[in-house]
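# Fold and geometry: a report
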Amino acid sequence: MATTAIVAEVADTYDAVVVGSGPNGLASGIRLAQAGCSVLLIEGNETIGGGARTAELTLPGFLHDTCSAIHPLASGSPFFQTLPLAKYGLEWIQPEFPLAHPLDDGRPIVLRRNLAAASRDWRALFQPLLDHWQSLAGDFLAPMLRFPKHPLLMARFGYHALRSAERLVRSWSERDRTLFAGLAAHSFLPLDKIPSAAFGMVLGLMAHAVGWPMPRGGSQQISNALAAHFRSCGGVIQTNAPVKNLDQLPRARVYLLDVTPRQFIEIAAGKMPPKYKHKLSRYRYGPGVFKVDYALSSPIPWRSAECASAGTIHLGGTFDEIARAERQIWEGKLAEQPFVLLAQQSLFDATRAPTGKHVAWAYCHVPHGSTEDGSALIEGQIERFAPGFRDCILARAARNCAEIERANPNCVGGDVNGGAATLRQLVARPVFSPNPYRTPIPGVFLCSASTPPGGGVHGMCGLHAADAALREIGRVRAL
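These figures come from a predicted structure and were not determined experimentally.

Broken down by element type, the protein carries 16 helices and 16 strands. Projected onto its principal axes, the C-alpha positions of the protein cover 65 × 50 × 45 Å. Across the 479 residues that make up the protein, the buried fraction comes to 62%. Contacts spanning at least 24 positions in sequence make up 76% of the contacts within the protein whose residues lie at least 6 apart. Approximately 18400 Å² of the protein is accessible, and the part contributed by carbon and sulfur atoms is 51%. Seen as two clouds, the 47 positive and the 39 negative side-chain charges of the protein have centres 8 Å apart.

Below is the structure:
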């Protein structure tokens with residue numbers, strides 16, 4: 001069957017074509033357009049955004065984030081901070097507390113932005129990093145196989161980060177250990193595995209440096225603002241144009257694909273050297289998520305009042321409980337009491353639900369590709385700390401791993417991070433190379449979360465890939 005060519009909206013040829021309109025694809029497009037390139041960005045879906053989208057998933061008027069919801073990495077992104085996104089309507093909302101972690105004894109652990117309110121152990125870890133967080137952000141959101149701009153700072157960060165969460169906090173109080181466990185569990189790694197500590201450190205640092213904010217109106221507003229700025233730089237966006245093969249694409253000097261290795265193998269069929277294809281085929285995806293979005297008749301009835309002042313809630317009990325659940329997921333088992341991440345955006349953003357009503361966003365980690373229904377497990381953990389929650393539910397929209405992948409093909413097997421965050425795949429992402437964005441196909445680059453620095457709404461994968469492409473076409477200049 002012949003491959004249908006994509007018809008460009010403005011021109012037949014471009015300096016660059018970007019495939020995928022997630023934050024990384026948009027970041028690539030912006031960087032290229034800023035450098036004076038003519039850029040076409042192609043999106044297969046009807047709406048732009050990839051993992052940063054918002055839709056009415058349950059009932060009319062209830063706006064749910066389809067994937068990402070809380071955005072410390074976006075608000076603290078070294079690249080996004082250089083862009084005039086507020087001009088295009090992006091407004092960050094800061095809850096009173098970035099995070100609350102309720103416990104069965106009724107005394108929740110609260111992560112406050114003010115580091116002075118933390119324990120001595122917590123301050124000892126984070127204060128030296130917080131003092132230089134902007135310098136650090138540029139280095140830890142870059143490829144590991146690159147000499148850092150601030151080597152002494154990165155050495156201090158790496159001394160702690162290249163450990164397991166379990167080892168790093170072994171001597172801490174139980175409450176501090178439990179709070180850190182929830183942060184480190186965002187890695188999808190067992191807490192006794194390296195480098196789970198790194199994820200806890202980055203997320204904790206960002207909580208104190210920039211908070212854990214949410215965009216007013218939903219995550220779609222991040223994508224909309226990036227797209228508006230891209231267009232203001234001369235970029236062109238074409239939607240409803242799925243790319244199945246490189247031969248579909250218009251002529252260009254370089255191509256940047258916001259896709260994972262599995263998709264790239266299919267798209268580049270017949271053009272990829274066998275050795276590189278073999279390396280990509282060995283790329284490992286991590287556990288998936290089971291996600292539920294709720295339309296609620298009232299706020300979640302937390303037993304602990306502090307939880308109503310936090311944008312994000314970690315549900316999973318103690319350090320040992322979270323560690324056990326994450327270990328079971330990595331072993332391919334569904335945890336009976338999973339670690340649950342929950343966001344309650346409508347408490348702080350009235351645009352997200354009809355007057356007096358609310359939304360909640362929740363997911364738990366599940367084995368890669370799991371098709372089991374985790375709704376009861378998630379609701380059991382919420383009820384554990386908010387008795388009567390089920391009575392508030394007006395409607396729910398649940399997605400298993402396969403359904404998440406259908407909505408966003410980059411979430412292979414439900415993996416929202418674009419690949420397992422093992423130490424090997426932080427260094428060799430997607431392959432071991434001093435330029436991990438460039439592929440052996442001339443002029444073709446990868447810019448997805450399967451490249452450094454990995455998952456998260458920060459756009460840095462796209463930025464670094466665009467810079468690699470600009471070096472190839474000789475158009476790079478200081479911005």
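The rest of the description comes next.
With that settled, the discussion passes to helix α16 (residues 460-473). With 14 residues, α16 extends 20 Å from end C-alpha to end C-alpha; this agrees with the ideal 20 Å at 1.5 Å per step. Burial within α16 is extensive, with 12 of its 14 residues counted as buried. Packed against the buried residues of α16 are α1 (23-34), β10 (251-257) and β16 (444-446). At the exit of α16 stands Gly-474, carrying a positive phi of roughly 70°.

What follows is about the sheet that holds strand β11 (residues 288-296). The strand order across the open sheet formed by 7 strands is β7-β6-β12-β13-β14-β11-β15, and the pairing between neighbours is mixed. In the strand order of this sheet, the two ends are held by β7 (109-111) and β15 (393-399), each with one partner. Between one strand axis and the next, the sheet turns by 20° as a mean value, whatever way the strands run. Pairing between β11 and β15: 6 bridges, direction antiparallel. Bridged to Val-292 within β15 is Ala-398. Across the sheet, helix α7 (residues 174-184) lies against β6 (97-101), β7 and β12 (310-315), angled at about 60° from β7, the strand it touches most.

With that settled, consider a nonpolar patch on the surface. A cluster of nonpolar side chains, contributed by Met-144, Leu-162, Ile-194 and Leu-423, occupies part of the molecular surface with about 340 Å² of accessible area. With respect to the element layout, Leu-423 can be found in helix α15 (residues 423-427).

Counted according to the given criterion, the structure contains 9 aromatic pairs. For the pair Trp-122 and Trp-172, a centre-to-centre distance of 5.7 Å together with 55° between the ring planes defines the contact as tilted. Of this pair, Trp-122 sits in helix α3 (residues 120-130) while Trp-172 sits in the loop between α6 (165-168) and α7, placing them 50 residues apart in sequence. For the pair Trp-122 and Trp-172, a shared accessibility class is recorded, and that class is buried. With a centroid separation of 6.3 Å and 75° between ring planes, the pair formed by Trp-122 and Phe-180 is classed as edge-to-face. Placement of Trp-122 in helix α3 and of Phe-180 in helix α7 is noted, with a sequence separation of 58 residues between them. Its relative accessible area of 2% is what places Trp-122 among the buried residues. Residue Phe-180 is classed as buried on the basis of its relative accessible area, which comes to 0%. Three or more aromatic residues joined by ring pairs form one cluster here, namely Trp-122, Phe-126, Trp-172 and Phe-180. Just above the ring of Tyr-159 sits the side chain of Arg-163; from NZ or CZ to the centre is 4.7 Å.

Before going further, it helps to spend a moment on the pairing of strand β1 (residues 13-19). Burial within β1 is extensive, with 6 of its 7 residues counted as buried. The pairing of β1 with β10 spans 6 bridges and is classified as parallel. Residue Thr-13 lies in a different strand from β10, and its bridge partner there is Arg-251. With 4 bridges connecting them, β1 and strand β2 (residues 39-42) associate as parallel partners. Bridge assignment links Ala-16 to a residue of β2, and that residue is Val-39. Regarding topology, α1 serves as the crossover connection from β1 to the parallel β2, and that connection is right-handed.

A few words on the pattern of salt bridges. The full count for this structure, using the stated rule, is 16 salt bridges. A salt bridge links Glu-91 to Arg-216; its shortest N-O distance comes to 3.0 Å. Of this pair, Glu-91 sits in the loop between α2 (72-75) and β5 (92-93) while Arg-216 sits in the loop between β8 (214-215) and α9 (220-232); the two residues are 125 residues apart in sequence, bridging distant segments of the chain. Using a relative accessible area of 31% as the deciding quantity, one classes Arg-216 as partly exposed.

With that settled, the discussion passes to the sheet that holds β10. Pairing between the strands of a sheet is mediated by backbone hydrogen bonds and can be parallel or antiparallel. Across the sheet, which stays open at both edges, the 5 strands sit in the order β9-β2-β1-β10-β16 with parallel pairing between neighbours. With one partner strand each, in any of the chains shown, β9 (236-238) and β16 form the two edges of the open sheet. With direction set aside, neighbouring strand axes in the sheet form an average angle of 20°. In the packing of α9 onto the sheet, contacts are made with β2 and β9, and the angle to β9 comes to roughly 130°.

Turning our attention to the nonpolar core. Within the largest apolar cluster, 97 residues are counted, with the highest numbers of intra-cluster contacts made by Leu-32, Phe-80, Trp-122, Phe-140, Phe-157, Phe-180 and Leu-256. Looking at this core, the element that brings in the most residues is helix α8 (residues 196-209), giving 9 residues. In contact with Phe-180, not counting residues within four places along its chain, are Trp-122, Leu-125, Phe-126, Ala-165, Leu-168, Val-169, Trp-172, Ala-197, Gly-200 and Met-201. Residues Ala-310, Cys-364, Phe-389 and Ile-393 belong to the second largest nonpolar core, which totals 27 residues.

Taken N-terminus to C-terminus, the directions of helix α4 (residues 133-140) and helix α5 (residues 151-161) make an angle of 75°; their axes are 10 Å apart at the nearest point. Considering the angle they form, α4 stands roughly perpendicular to α5. For the pair α4 and α5, contact is made by Ser-135, Leu-136, Asp-139 and Phe-140 and by Leu-153, Met-154 and Phe-157, respectively. Across the contact of α4 with α5, the residue classes break down as 5 nonpolar, 1 polar and 1 charged.

Quick notes on the rules
Residues numbered from 1 in each chain as written. Predicted model: local features only at pLDDT ≥ 70, side-chain atom pairs only at ≥ 80, totals over all residues. Heavy atoms only, no water. Helix = DSSP H or I, 4+ residues; strand = E, 2+ residues; numbered from the N terminus. Buried < 20%, exposed > 50% of the residue type's maximum accessible area, 1.4 Å probe, protein only. Contact = heavy atoms within 4.5 Å. Areas by Shrake-Rupley, 256 points an atom, 1.4 Å probe, with all protein chains shown as cover. Lys, Arg positive; Asp, Glu negative; His and termini not counted. Charge placed at Lys NZ, Arg CZ, Asp CG, Glu CD. Expected span 1.5 Å × (residues − 1). Pairing = 2+ DSSP bridges. Axes fitted to C-alpha atoms, helices over the stretch in contact; angles between N-to-C directions. Patch = residues over 30% accessible without salt bridge, like charges linked within 9 Å, V, L, I, M, F, W, Y side chains within 5 Å. Salt bridge = Lys/Arg side-chain N within 4 Å of Asp/Glu carboxyl O. Phe/Tyr/Trp six-rings, centres within 6.5 Å; stacked < 30°, edge-to-face > 60°. Lys NZ or Arg CZ within 6 Å of the ring centre and 35° of its normal. Right-handed = clockwise from strand over helix to strand, strands pointing away. Core = buried A, V, L, I, M, F, W, Y, C linked by side-chain atoms within 4.5 Å. Parallel < 35°, antiparallel > 145°, perpendicular 65-115°, else oblique. Nonpolar A, V, L, I, M, F, W, Y, C, P; charged D, E, K, R; others polar.

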